[in-house]
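Okay, here's what each chain looks like letter by letter:
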Amino acid sequence: MTRNSRIWWLVGFLIALVGVGFPYWRAPSALTALPGAFYGPGLAALAVVAMMLRAFGTGRFLPLWLLIAAAAPVAVVLRMLIGDAAATPVSWPRELLIASALGLAASLAGMLIGSLFLLRSSRRPT
């Protein structure tokens, strides 16, 4: 398995999904209002996964950014599908939009830092 293997994308996405989703899935329904429910270790995990995937050169910037960012809205959809169907908010498009924006922002931060590491490691000493 090389660093360019797509399996790293799948592993990174699943780690980001569990990182952002686990605290959100375990929270009581009263505490799952977005964006507050995602603040904290969930978004940090998403940013770290994006940073690591980019720093190790597993793929190009845009596809990795969008893939890791998608973990946040997928976590919301999974809570809606698997969680209590009666507790599904009427404003689910708003929830998905907020989760998408938070995922894009956290993933972008991680990707930019990872790109700096990748750029630094590709320079050869003179």
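As shown above, the structure is provided for reference.
Here's a quick rundown of the structure. Note that the structure is a prediction, hence the values are computed from the model and not measured. (Residues numbered from 1 in each chain as written. Predicted model: local features only at pLDDT ≥ 70, side-chain atom pairs only at ≥ 80, totals over all residues. Heavy atoms only, no water.)

1. Considering the overall build of the chain
Here comes step 1: Counting its regular elements, the chain contains five helices and zero strands.
Here comes step 2: Counting from the amino terminus, the chain carries its helices and strands in the arrangement α-α-α-α-α.
Here comes step 3: Residues counted as buried form 39% of the 126 residues belonging to the chain.
Here comes step 4: Within the chain, contacts between residues separated by at least 24 positions form 76% of all contacts whose residues are at least 6 apart in sequence.
Here comes step 5: As displayed, the chain has an accessible area near 7,600 Å², and 72% of this comes from carbon and sulfur atoms. (Helix = DSSP H or I, 4+ residues; strand = E, 2+ residues; numbered from the N terminus. Buried < 20%, exposed > 50% of the residue type's maximum accessible area, 1.4 Å probe, protein only. Contact = heavy atoms within 4.5 Å. Areas by Shrake-Rupley, 256 points an atom, 1.4 Å probe, with all protein chains shown as cover.)

2. Focus: helix 4 (residues 71-82)
Here comes step 1: Spanning 12 residues, helix 4 covers 16 Å between terminal C-alpha atoms, matching the ideal 16 Å at 1.5 Å per step.
Here comes step 2: Among the residues of helix 4, those classed as buried are Ala71, Ala72, Pro73, Ala75, Val76, Arg79 and Met80. (Expected span 1.5 Å × (residues − 1).)

3. Topic: the side chain of Arg79
Here comes step 1: Along the chain, the position of Arg79 falls in helix 4.
Here comes step 2: In this structure the side chain of Arg79 is engaged in a polar contact, spanning 2.5 Å, whose partner is the backbone oxygen of Tyr24.
Here comes step 3: Aside from chain neighbours lying at most four places away, what touches Arg79 is Tyr24, Trp25, Arg26, Ala27, Pro28, Ser29 and Thr32. (Polar contact = N/O pair within 3.5 Å; in protein donor to acceptor, adjacent residues only side chain to side chain.)

4. What to know about helix 3 (residues 61-69)
Here comes step 1: Among all positions in helix 3, only Leu64, Trp65, Ile68 and Ala69 are buried. One face of helix 3 carries all of its buried residues, which in axial projection span an arc of 125°. (Arc of directions from axis to C-beta.)

5. Examining the nonpolar core
Here comes step 1: Of all hydrophobic cores here, the largest spans 28 residues; its most connected members are Val20, Leu34, Phe38, Leu46, Ile68, Ala71 and Val76.
Here comes step 2: Elements supplying a minimum of two residues to this core: helix 1 (7-26), helix 2 (41-55), helix 3, helix 4 and helix 5 (92-122).
Here comes step 3: Apart from residues no more than four positions distant in its own chain, Val76 is found in contact with Tyr24, Leu34, Phe38, Glu95, Leu96 and Ala99. (Core = buried A, V, L, I, M, F, W, Y, C linked by side-chain atoms within 4.5 Å.)

6. What about the packing of helix 3 against helix 4?
Here comes step 1: Packing of helix 3 against helix 4 brings their axes to within 5 Å, and their N-to-C directions diverge by 25°. Judged by the angle between their axes, helix 3 and helix 4 are roughly parallel. For the pair helix 3 and helix 4, the contacting residues are Leu67, Ile68 and Ala69 in the first and Ala71, Ala72 and Pro73 in the second.
Here comes step 2: Class assignment for the residues of the contact of helix 3 with helix 4 results in six nonpolar, no polar and no charged. (Axes fitted to C-alpha atoms, helices over the stretch in contact; angles between N-to-C directions. Parallel < 35°, antiparallel > 145°, perpendicular 65-115°, else oblique. Nonpolar A, V, L, I, M, F, W, Y, C, P; charged D, E, K, R; others polar.)

7. Concerning the pattern of salt bridges
Here comes step 1: Here the structure, examined in full by the defined rule, presents one salt bridge.
Here comes step 2: Put simply, Arg94 and Glu95 hold a salt bridge, and the shortest N to O gap is 3.8 Å.
Here comes step 3: Given a relative accessible area of 7%, Glu95 falls into the buried group. (Salt bridge = Lys/Arg side-chain N within 4 Å of Asp/Glu carboxyl O.)

8. What to know about the packing of aromatic side chains
Here comes step 1: This model, assessed by the stated rule, comprises one aromatic pair.
Here comes step 2: Ring geometry for Phe61 versus Trp65: centroids 6.4 Å apart, planes at 40°, classification tilted. Residue Phe61 and its partner Trp65 are located together in helix 3, separated by four residues, close to a single helical turn.
Here comes step 3: On the basis of relative accessibility, which here comes to 25%, the residue Phe61 falls in the partly exposed class.
Here comes step 4: The buried category is assigned to Trp65, whose relative accessible area is 19%.
Here comes step 5: The ring of Tyr24 has Arg79 lying over it, and the distance from NZ or CZ to the ring centre is 5.3 Å. (Phe/Tyr/Trp six-rings, centres within 6.5 Å; stacked < 30°, edge-to-face > 60°. Lys NZ or Arg CZ within 6 Å of the ring centre and 35° of its normal.)

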